[in-house]
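# Remarks on the overall topology
Residues per chain, in single letters:
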2 protein chains.
Amino acid sequence: MSLETLSASKSFGGMLTKYKFKSAALGGLDAQFNLFLPANASQGKVPVLFYLAGLTCTEDNGTQKGGFLREAADEGIALIFPDTSPRGAGIEGEDDDWDFGTGAGFYLNATHPKYAKHYNMATHVTLELPQVIEAAGIPVDFTRQSIFGHSMGGHGALTLYLGALTNSPKTKQFRSASAFAPVANPTKCPWGQKAFKGYFQGGVEEAAANHDATEMISRIKDNVHILIDYGTGDNFYKQGQLLPENFLKAARDAGHDEVQVRVRPQDGYDHSYYFMSTFASDHVHFHANFLKA
Amino acid sequence: MSLETLSASKSFGGMLTKYKFKSAALGGLDAQFNLFLPANASQGKVPVLFYLAGLTCTEDNGTQKGGFLREAADEGIALIFPDTSPRGAGIEGEDDDWDFGTGAGFYLNATHPKYAKHYNMATHVTLELPQVIEAAGIPVDFTRQSIFGHSMGGHGALTLYLGALTNSPKTKQFRSASAFAPVANPTKCPWGQKAFKGYFQGGVEEAAANHDATEMISRIKDNVHILIDYGTGDNFYKQGQLLPENFLKAARDAGHDEVQVRVRPQDGYDHSYYFMSTFASDHVHFHANFLKA
């Protein structure tokens with residue numbers, strides 16, 4: 001699992017590097033990711049924030065358009081940008097739709113026989129990437145990690161964060177989670193239902209307990225640290241793909257107050273990176289509070 | 001020349017809008033550009049900063065990757081992002097190379113008969129865009145305008161700024177110019193020589209006086225306000241495509257001191273938007289000093 005460097009660009013005093021490696025979690029396929037190391041990483045290990053991108057994206061969208069590097073450099077935090085799915089698994093139908101298969105891995109481990117070998121983005125993100133980065137001697141401190149994401153990646157951030165709290169600890173816990181326009185109740189929306197029917201042998205029913213942030217937050221008693229922003233002009237929000245109100249209601253019903261779970265409607269913003277970059281600074285600073293505590 | 005709105009996204013409290021119109025300057029072809037209006041534009045006309053992108057780019061690269069919107073919103077300045085060439089002129093050979101023709105208009109008015117009808121990006125940027133924007137009643141104050149750009153667009157920013165100082169005033173002057181990794185002495189580098197040979201009937205010789213920033217600065221006695229950043233790790237710099245030292249020497253020889261012309265080598269940075277976004281804040285604030293004076 002040795003890392004190959006594809007490119008490196010200095011940015012905000014730190015270094016953004018694109019890596020490639022043979023991913024066991026993704027069934028032996030090549031996987032790429034970007035890693036931003038702030039300048040202070042030369043003096044010792046730095047905390048880390050994972051960014052999970054949305055449907056159709058790659059490891060590059062967040063680095064190019066998110067506006068996260070400046071804040072991460074200021075705070076002295078590393079950023080990891082995984083891809084959104086395996087690439088080139090060669091499964092029949094994998095490339096037919098923009099919201100399923102390639103570019104749409106949903107940050108889960110598939111159980112359907114067709115997808116189980118390659119579509120294991122949950123393991124890829126939470127276990128494999130930390131392992132290959134540590135093995136390469138890159139100065140990232142995985143005892144201090146948080147996670148955020150956009151749309152499908154917001155779903156990923158919330159469910160991997162909450163999953164680490166509820167499951168037998170398969171991975172080191174994240175200290176905080178945040179999301180831009182997340183798919184917050186996927187068992188109740190078309191994107192999520194399609195993904196879960198395809199990736200899980202037991203379909204939507206199998207997914208509910210551990211892959212739907214709204215279902216998960218309703219059962220969790222631990223203190224949580226969650227920030228969500230969505231735009232009221234977001235067409236996917238209007239179409240009922242995101243359902244942030246469902247997540248908020250479930251959180252409040254389970255006793256999580258405004259300090260633990262903050263959900264902010266942002267007036268007139270859409271689903272784009274122009275929305276996200278506007279609040280990028282808020283999100284990175286939110287995580288910095290916990291990563292540097 | 002009525003404007004058609006293609007899309008609009010709220011960002012940093014302002015609005016980024018993509019427009020299309022039939023461009024007379026570009027021989028009747030459809031032209032697209034992006035315009036960012038900060039929130040304060042609802043209270044009256046705001047000053048404006050043009051961003052000219054580099055080879056192969058469109059009107060979208062700067063908006064998505066430059067990191068300029070945040071600063072412009074803070075300063076209350078509009079941003080205009082033109083395209084880099086006409087599109088679809090149908091000239092033989094126009095799409096053969098990445099550094100000439102489509103995506104590579106070099107912000108000049110061509111005199112070669114093959115290109116003279118369509119390749120008039122200088123007029124398009126300095127006269128036509130202000131005209132269509134004012135005609136549409138968009139609250140931009142073109143008596144307060146500055147210009148910046150990247151690579152070929154840095155060449156464009158410097159030459160259009162200096163051209164407005166030296167020529168009979170065909171356009172309202174720009175108050176300041178800045179550039180990231182500009183093609184600063186195009187008559188002496190392969191990119192510039194190729195462009196000038198192609199676009200001008202008189203070739204490189206015809207271009208020298210009014211389309212080479214280094215030649216131009218050597219003749220100018222007016223006070224100028226110019227900021228240039230380039231990365232020492234930039235491969236195009238190393239290959240001699242940019243030649244910022246030539247520009248600096250010509251400026252100093254002509255009596256322009258550090259206050260008038262600042263050229264900053266940035267250690268280890270490359271030619272990418274990761275370099276540019278690092279210094280985006282410096283550049284927008286530099287222009288704000290003059291635009292808001």
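As a reminder, the structure under discussion sits directly above these lines.
So, a few notes on the structure that sits alongside this text. Because the structure is a prediction, the values reported are computed rather than measured.

A few words on the nonpolar core. Among the nonpolar cores identified, the biggest contains 97 residues, and A:F33, A:F68, A:L162 and A:I226 are the most heavily contacted of them. Per-element accounting of this core gives the leading share, eight residues, to helix α10 (residues 273-291) of chain A. Among all residues touching A:I226, those that are not within four sequence positions of it are A:L158, A:Y161, A:L162, A:A177, A:I217, A:F247, A:Q260, A:V261, A:R262 and A:F286. B:V48, B:I80, B:F100 and B:L165 belong to the second-largest nonpolar core, a separate cluster that totals 96 residues.

Facing 23 residues of chain B, the contacting portion of chain A comprises 23 residues. Remark: the boundary between chain B and chain A carries two salt bridges. Between A:R70 and B:E71 there is a salt bridge, with the nearest N and O atoms lying 2.3 Å from each other. Put simply, chain B and chain A have 16 residue pairs in polar contact (both at pLDDT 80 or more) between them. Of all the secondary-structure elements, those providing two or more residues to the side of chain B that touches chain A are β1 (4-11), α1 (61-65), α2 (69-75) and α10 (273-291) of chain B. Of all the elements, α10(B) adds the most residues to the side of chain B that touches chain A, at five residues. Looking at the side of chain B that touches chain A residue by residue, the class counts come to seven nonpolar, 10 polar and six charged.

So, about the pattern of salt bridges. Between side chains of opposite charge, a pair can form when the charged atoms approach closely. Throughout the structure, instances matching the rule amount to 26 salt bridges over all chains. A salt bridge links A:D83 to A:R87, with the shortest nitrogen-to-oxygen separation between them at 2.7 Å. In this structure A:D83 comes out as buried when scored by relative accessible area, which is 6%. Note that B:D30 and B:K22 form a salt bridge whose closest N and O atoms lie 2.7 Å from each other. Three or more residues are tied together by salt bridges with common partners; here these are A:K18, A:E59 and A:D60.

Residue and element names in this part refer to chain B. With respect to burial, strand β4 (residues 46-52) is a largely interior element, seven of its seven residues being buried. The sheet contact formed by β4 and strand β6 (residues 140-150) spans six bridges and is parallel. The residue of β6 that forms the bridge with Y51 is F148. In this structure, β4 lies alongside strand β5 (residues 78-82), joined through three bridges in parallel fashion. Residue L49 lies in a different strand from β5, and its bridge partner there is L79.

All names here are of chain A. A full pass over the atoms with the stated rule returns 50 aromatic pairs over all chains. Summarising the aromatic geometry, the rings of Y51 and F68 are spaced 5.0 Å apart at their centres and angled 45 degrees between planes, so their arrangement reads as tilted. Here the residue Y51 occupies a position in strand β4 (residues 46-52), and F68 occupies one in the loop between α1 (61-65) and α2 (69-75), the gap between them amounting to 17 residues. When its relative accessible area of 1% is taken as the criterion, Y51 is described as buried. When its relative accessible area of 0% is taken as the criterion, F68 is described as buried. On the basis of an interplanar angle of 25 degrees and a centroid distance of 6.2 Å, the ring pair of F68 and F180 is categorised as stacked. One end of the pair, F68, is in the loop between α1 and α2; the other, F180, is in strand β7 (residues 177-180), and 112 residues separate them in sequence. F180 sits in the buried class, given a relative accessible area of 0%.

With that settled, consider the side chain of A:N34. All names here are of chain A. Position of N34 relative to the elements: it lies in strand β3 (residues 29-37). Taking the relative accessible area as the measure of exposure, N34 reaches 3% and is therefore buried. Among the polar contacts listed, one links the side chain of N34 to the side chain of D60, at a separation of 2.9 Å.

Residue and element names in this part refer to chain A. The interhelical angle for the contact between helix α5 (residues 190-199) and helix α6 (residues 203-211), taken along N-to-C directions, is 110 degrees, at an axis separation of 8 Å. As judged from the angle between their axes, α5 and α6 are roughly perpendicular. Residues Q193, F196 and K197 of α5 pack against G203, V204, A207 and H211 of α6. Residue composition of the contact of α5 with α6, by class: three nonpolar, three polar and one charged.

About the cut-offs
- Residues numbered from 1 in each chain as written.
- Chains lettered and ligands numbered in written order.
- Predicted model: local features only at pLDDT ≥ 70, side-chain atom pairs only at ≥ 80, totals over all residues.
- Heavy atoms only, no water.
- Core = buried A, V, L, I, M, F, W, Y, C linked by side-chain atoms within 4.5 Å.
- Buried < 20%, exposed > 50% of the residue type's maximum accessible area, 1.4 Å probe, protein only.
- Helix = DSSP H or I, 4+ residues; strand = E, 2+ residues; numbered from the N terminus.
- Contact = heavy atoms within 4.5 Å.
- Salt bridge = Lys/Arg side-chain N within 4 Å of Asp/Glu carboxyl O.
- Polar contact = N/O pair within 3.5 Å; in protein donor to acceptor, adjacent residues only side chain to side chain.
- Nonpolar A, V, L, I, M, F, W, Y, C, P; charged D, E, K, R; others polar.
- Pairing = 2+ DSSP bridges.
- Phe/Tyr/Trp six-rings, centres within 6.5 Å; stacked < 30°, edge-to-face > 60°.
- Axes fitted to C-alpha atoms, helices over the stretch in contact; angles between N-to-C directions.
- Parallel < 35°, antiparallel > 145°, perpendicular 65-115°, else oblique.

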